[in-house]
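What the coordinates show
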Amino acid sequence: AFSSQIRHFSSPIDPSVGLTDDQKELQSVARAFADNEFAPFMQEWDAKQHFPVDVLRKGAELGFGGLYTREDVGGAGLGRLDTSVIFEALSTGCVSTTAYISIHKMGTYTYGSEDQRQKHLPSLTSMEKFASYCLTEPGAGSDAAGLSTTAVKKGSHYVLNGSKAFISGGGDSDVYLIMARTGGAGPKGISCFLVEKGFKGLSFGKKEDKLGWNSQPTRAVIMEDCEVPVENLIGAEGQGFSIAMKGLNGGRINIGSCSLGAAQASIEAAVEHVKVRKQFNQPLANFQNTQFKLADMATALMSSRLMIRQAATMLDQNHPDVAAFCAMAKLHATDECFKICDDALQLHGGYGYLKDYKVNVYLRDSRVHRILEGTNEVMRMVASRALLAD
Ligand code: FAD
Ligand code: 2MC
């Protein structure tokens, strides 16, 4: 499905450096889609809190709805490094919309049976239906294994009670991958369920008003004696936390990739601005502060991209330390790229603070990447535990 002209950049922040010809091709298709379908509308979607369902479906025609899902159910069958390259390119056009595609993918990511795959995945990879990933609760954010939503088996159904907080796509999605407790306290007592919109006892909270990520809705997901057929249990009872964590390793790479795209686009915007804007009778680009700032931003983008791509490769290779690699890459890339967006805004002066300019959207959208998919403090926890393990 992927075909387009390869785009040639000539710049020290060229994101195609080191990629294979196939990956460069995927990248140029994604960047063209971002330039044509996302970028012209990003600010309007942000201002109006518009969820661009039609554009997402158009992207699914190119394979974006199931990038690393197998081809038998409509996926593109790509690897995690390929996917990272695509998410980075898409994010240059709209971080928030790209990040939703990643979360949809996490909701689609299933260790389910062949029957479950064939039943649910074709309509998710085509984005005819949308998916959400539901781990966080009001009382269990960083301490995800402390979740208290319960699932009790009664005949042919599990009955779920509890609520999930901050669910991306919540209310609009058709399918909810929900972690709930079937056993005792801690991670081993958690199971994973596929809950469909319309199931009795499933409802949603109000749409949250957010600093960024405005092109996708966020709502609480509420279960009150919600009846879920036993065939919608994903994997076996007790495997839910492991399924959730494995999904998050890839999610953390994807979110880091979205930060790379925000940083790339912010640097591109800053470079353009400082060449044109004059103060003290010369372009801002003439000042050494501007030059050194841009050099530092490019260096930070490069180190972030290398870490994200290395971790994505570790994920492709199923490396035993993959959780720590993904955590360290997410920590570094999301912190550094947020700073790059902030520096780009600073180089724009007062104009950067105006919503007419895109840099403030990249800044607001990428701020939350330091919080969700595990806060950057939790990333330090994951990395240090791996370092100190016996
Ligand atoms: P808390 O856990 O209360 O943390 C508050 C602060 O305390 C943080 O700085 C944290 O790092 C720190 N802290 C906590 N414990 C420790 C510790 N032991 N040591 C040091 N510091 C600590 N979740 C989903 O399941 N699905 C989604 O689709 C989803 N989408 C989201 C979309 C948005 C826009 C947002 C904002 C959140 C989303 N989340 C989602 C939830 C997100 O994953 C959580 O917000 C995040 O994991 C942090 O949990 P918390 O908000 O409860 O913060
Ligand atoms: N990959 C694979 N396995 C993992 C893992 C990972 N990233 N993280 C933990 N595990 C395993 C761990 O190895 C252990 O397995 P075993 O018992 O076989 O040894 C099991 O899970 C339990 O782990 P811990 O003993 O470390 O459990 P603890 O409760 O102490 O800490 C912690 C777990 C803090 C790492 C986990 O709760 C966490 O990641 N919290 C952050 C939650 C989070 O990321 N939420 C994001 C929600 S989604 C979102 O924000 C979106 C926008 C979609």
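Structure: see above.
A brief structural summary. (Residues numbered from 1 in each chain as written. Chains lettered and ligands numbered in written order. Predicted model: local features only at pLDDT ≥ 70, side-chain atom pairs only at ≥ 80, totals over all residues. Heavy atoms only, no water.)

As a structural note, the neighbourhood of ligand 2 is formed by 22 residues, with Lys-188, Asn-249, Arg-252, Glu-373 and Arg-385 the closest of them. For ligand 2, a nitrogen atom lies 2.9 Å from a polar atom in the backbone of Ser-142. One of the side-chain N or O atoms of Lys-188 is found 2.6 Å from an oxygen atom in ligand 2. Coverage of ligand 2 by the protein amounts to 70% of the 1000 Å² it exposes when considered alone. Of all the secondary structure elements, the ones that give two or more residues to the shell around ligand 2 are α7 (240-276) and α11 (376-388). Partitioned by chemical class, the residues of the shell around ligand 2 number 13 nonpolar, 5 polar and 4 charged. Looking at which domains feed residues into the shell around ligand 2, each of domain 2 (131-238) and domain 3 (242-388) gives three or more. (Near = heavy atom within 4 Å. Polar contact = N/O pair within 3.5 Å; in protein donor to acceptor, adjacent residues only side chain to side chain. Areas by Shrake-Rupley, 256 points an atom, 1.4 Å probe, with all protein chains shown as cover. Helix = DSSP H or I, 4+ residues; strand = E, 2+ residues; numbered from the N terminus. Nonpolar A, V, L, I, M, F, W, Y, C, P; charged D, E, K, R; others polar. Domains from an automatic or database assignment.)

Taken together, 17 residues are adjacent to ligand 1, and Thr-136, Ser-142, Phe-166, Thr-375 and Glu-377 come closest. Separating an oxygen atom of ligand 1 from a backbone N or O atom of Leu-135 is a distance of 2.9 Å. In this structure, a nitrogen atom belonging to ligand 1 sits 2.7 Å away from a side-chain N or O atom of Thr-136. Relative to its free-state accessible area of 980 Å², ligand 1 is covered by the protein chains to the extent of 64%. Element by element, the count of residues in the shell around ligand 1 is highest for strand β3 (residues 157-168), at 3 residues. Of the residues belonging to the shell around ligand 1, the class tally is 9 nonpolar, 5 polar and 3 charged. A domain split of the shell around ligand 1 shows at least three residues from each of domain 2 (131-238) and domain 3 (242-388).

On to the packing of helix α9 (residues 322-347) against α11, then. Two elements in contact, α9 and α11, have axes separated by 8 Å at closest approach and are oriented at 145°. Taken as a pair, α9 and α11 cross one another with a handedness that is left-handed. The residues of α11 that touch α9, namely those facing Ala-323, Ala-324, Ala-327, Met-328, Lys-330, Leu-331, Thr-334 and Asp-335, are Asn-376, Met-379, Arg-380, Val-382, Ala-383 and Ala-386. Considered class by class, the residues forming the contact of α9 with α11 number 9 nonpolar, 2 polar and 3 charged. (Axes fitted to C-alpha atoms, helices over the stretch in contact; angles between N-to-C directions. Left-handed = near helix turned anticlockwise from the far one by under 90°. Contact = heavy atoms within 4.5 Å.)

What follows covers the nonpolar core. What tends to happen in soluble globular proteins is that the nonpolar side chains get buried as a cluster. Among the nonpolar cores identified, the biggest contains 89 residues, and Phe-38, Ile-86, Leu-90, Tyr-133, Leu-135 and Met-179 are the most heavily contacted of them. The element best represented in this core is α7, accounting for 14 residues. When sequence neighbours within four positions are dropped, the list of residues in contact with Phe-38 reads Phe-33, Trp-45, Val-55, Leu-90, Gly-93, Cys-94, Thr-97, Thr-98 and Ile-101. Among the nonpolar cores identified, the runner-up in size contains 17 residues, and Cys-134, Ala-180, Leu-202 and Val-228 belong to it. (Core = buried A, V, L, I, M, F, W, Y, C linked by side-chain atoms within 4.5 Å. Buried < 20%, exposed > 50% of the residue type's maximum accessible area, 1.4 Å probe, protein only.)

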